[in-house]
Structure formats: C-alpha cells, structure tokens
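Here are the chains, one letter per residue:
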Amino acid sequence: MSTETLEKIARNKNVARAAARQLSMEQLTKLSEIIDEVMTQKQEEEQKRRQEEASKEQKLAEIRAAMTDAGLSVNDLVGNEQPRKRRGRPPKDANA
C-alpha cells in the first residue's frame, strides 16, 4: 500500500470504511495494533522534540543573561569588520 493510498484512507471516513471491510477481523486487529504503536512512537518523538526546543530556549536565555551581565552584545562577538571584497578579473566584454 502506498503512502498516497494511506493518506487517502486517512482523509476520508467512507474510503477508510470501504478499505476496512475488505480485511478480516484478524487483519483489522493487527492493523489497529500497528497504528497504536506508530501513534505512540510519534507522540514520544513530538514530546522529545518539544523538550529539546525548551532546553534550547533555556540555554539561549542563560547565554543572553550572561552576555547582558558581562556587558556584551552580539556585535561584540561577531565583530564589526566588513568582509573584504575580492579583486577579480573584470568581466569579459560581450562584443569582443
């Protein structure tokens, strides 16, 4: 079964029912177990992603506070120097 077919089934209740009618009770039970496992896994991944984002935000806040306490700004870290322009060859004349 392709991803497109699964998406079509997931979007339309009648399509899902029609597909489910073609399966035996054993197949439906197995499918239900698989879907439950996938949903649990996705929920855990989402929770982990949110925790990582919260941790990152906390670290950023700590760094900003430390910079403020030290009297530094982002420009102090990056520097204000403009990158040097490279001297290249002049463009070739299109008429030559």
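Calculation criteria
Residues numbered from 1 in each chain as written. Predicted model: local features only at pLDDT ≥ 70, side-chain atom pairs only at ≥ 80, totals over all residues. Heavy atoms only, no water. Helix = DSSP H or I, 4+ residues; strand = E, 2+ residues; numbered from the N terminus. Rg over C-alpha atoms; globule rule 2.2 N^0.38 Å. Buried < 20%, exposed > 50% of the residue type's maximum accessible area, 1.4 Å probe, protein only. Areas by Shrake-Rupley, 256 points an atom, 1.4 Å probe, with all protein chains shown as cover. Lys, Arg positive; Asp, Glu negative; His and termini not counted. Charge placed at Lys NZ, Arg CZ, Asp CG, Glu CD. Axes fitted to C-alpha atoms, helices over the stretch in contact; angles between N-to-C directions. Contact = heavy atoms within 4.5 Å. Nonpolar A, V, L, I, M, F, W, Y, C, P; charged D, E, K, R; others polar. Salt bridge = Lys/Arg side-chain N within 4 Å of Asp/Glu carboxyl O. pLDDT = per-residue confidence, 0-100.

### Points about the overall build of the protein
- Summing up its helical and strand segments, the protein has four helices and zero strands in all.
- Listing every helix and strand of the protein by position from the N terminus yields α-α-α-α.
- At 29 Å, the protein has a C-alpha radius of gyration far larger than the 12 Å of a compact globule built from 96 residues.
- For the protein, the C-alpha atoms occupy an extent of roughly 70 × 60 × 20 Å along the three principal directions.
- Looking at the protein as a whole, 2% of its 96 residues are labelled buried.
- Carbon and sulfur atoms make up 51% of the accessible area of the protein, which amounts to about 9800 Å² in all.
- Positive and negative side-chain charges in the protein, numbering 19 and 17 respectively, have mean positions lying 9 Å apart.

### Some remarks on the packing of helix α1 (residues 3-11) against helix α2 (residues 13-21)
- Closest axis-to-axis distance for the α1/α2 pair is 5 Å, and the angle between their directions is 115°. Residues Lys8, Ile9 and Arg11 of α1 form the contact with α2, whose participating residues are Lys13, Val15, Ala16 and Ala19.
- Considered class by class, the residues forming the contact of α1 with α2 number four nonpolar, no polar and three charged.

### Topic: the pattern of salt bridges
- Enumeration over the complete set of coordinates arrives at four salt bridges.
- Among the salt bridges present, the one from Arg50 reaches Glu46, with a minimum N-O distance of 3.6 Å. Of the two residues, Arg50 and Glu46 are both situated in helix α3 (residues 25-70); the distance of four residues between them amounts to about one turn of the helix.
- A residue is classified by how much of its surface remains accessible, and Glu46, at 29% relative accessible area, is partly exposed.
- Put simply, Glu46, Arg49, Arg50 and Glu53 are held in one network by salt bridges that share partners.

### Things to note about the confidence of the model for the protein
- Mean pLDDT for the protein: 88, with 91% of residues reaching 70 or above.
- Across the protein, α3 holds the top mean pLDDT of 96, while helix α4 (residues 74-78) sits lowest at 80.

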